[in-house]
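Spelled out, the chains give:
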Amino acid sequence: MSAKKTTPIPAAKLALYDTLLASNPSIERKGATIPYTSTNGKMFTYLSPSGDLRLRLPDEERVAFMKKYRTEPVVQHGVVMKDWVAVPASLFARIAELRPYLEKSRTYAVRLGSKSSTAGRPARRSTARAPARRSTSSRSRTAARGSPPRA
């Protein structure tokens, strides 16, 4: 029997996230250890391991959000994550005020289109194999004629 995966996220923040998502029953929470939401293979919200909410917003909404709530873009492993903003803890606790941003985030993810498994990759070569070649080494030719190999 496998052990149930645990998450480092505080239970209170998980409860807030679940309450926010329950405000729109068509949104499904995914992820066992790091909860997130996605549509068409594009994530639009997630909780960081410390329980901080992250939202994916279009440029104009993201800039207005950061100015209004005095927050920063998301930096993960030293890299600024394009389209993502950190939701301040004070706003995360106000579900009614946060709900419109959840919908804007989802709408933006839908606009991004579906995730393509081959996007940005070069075309694959055919998997058909060419027939095996005969060896051209002198040893192989000698062995093929029935002569003993040279020492």
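Look above for the structure.
Residues numbered from 1 in each chain as written. Predicted model: local features only at pLDDT ≥ 70, side-chain atom pairs only at ≥ 80, totals over all residues. Heavy atoms only, no water.

### Examining unusual backbone geometry
The phi torsion of most residues other than glycine is negative, and most of the peptide bonds are trans.
Alright, step 1. A positive phi is found at H77, a non-glycine position, where the angle reads about 55 degrees.
Alright, step 2. For H77, a relative accessible area of 78% translates into the label exposed.
Alright, step 3. Backbone geometry places D83, a non-glycine residue, at a positive phi of 80 degrees.
Alright, step 4. When you line up the elements, D83 lands in strand β5 (residues 79-86).
Alright, step 5. Under the relative-accessibility criterion, D83 is labelled buried at 5%. (Buried < 20%, exposed > 50% of the residue type's maximum accessible area, 1.4 Å probe, protein only. Helix = DSSP H or I, 4+ residues; strand = E, 2+ residues; numbered from the N terminus.)

### Concerning the sheet that holds strand β3 (residues 53-56)
Alright, step 1. Taking strand neighbours across the sheet as the criterion, the five strands line up as β1-β2-β3-β5-β4 in an open arrangement whose pairing is antiparallel. Only two strands of the sheet have a single neighbouring strand rather than two, namely β1 (36-39) and β4 (73-76). Across the sheet, the mean angle separating the axes of adjacent strands is 40 degrees when strand polarity is ignored.
Alright, step 2. The pairing of β1 with strand β2 (residues 42-47) spans four bridges and is classified as antiparallel. (Pairing = 2+ DSSP bridges. Axes fitted to C-alpha atoms, helices over the stretch in contact; angles between N-to-C directions.)

### What to know about the pairing of β3
Alright, step 1. Residues of β3 alternate between two faces, with L53 and L55 on one and R54 and R56 on the opposite face, all of them buried.
Alright, step 2. Bridging between β2 and β3 involves three bridges; their strand directions are antiparallel. Counted as the bridge partner of Y46 is R54 from β3.
Alright, step 3. Between the end of β2 and the start of β3, which pair antiparallel, lie five residues, with G51 showing a positive phi angle near 95 degrees.
Alright, step 4. Pairing between β3 and β5: three bridges, direction antiparallel. Pairing of R56 across the sheet is with W84, part of β5.

### Some details on helix α2 (residues 59-69)
Side chains of residues three or four places apart in an α-helix project in the same direction, reflecting 3.6 residues per turn.
Alright, step 1. Residues of α2 that are buried include every one of R62, F65, M66 and Y69, and no others. Each buried residue of α2 sits inside an arc of 95 degrees when the element is viewed along its axis, so together they form one side. Residues E60, V63, K67 and K68 are exposed on α2 and point more than 90 degrees away from its buried face.
Alright, step 2. Structurally, α2 contributes buried residues whose contacts are with β4, β5, α3 (89-92) and α4 (95-111).
Alright, step 3. R70, located one to two residues past α2, shows a positive phi value of around 50 degrees. (Arc of directions from axis to C-beta. Contact = heavy atoms within 4.5 Å.)

In short, geometric facts, not functional conclusions.
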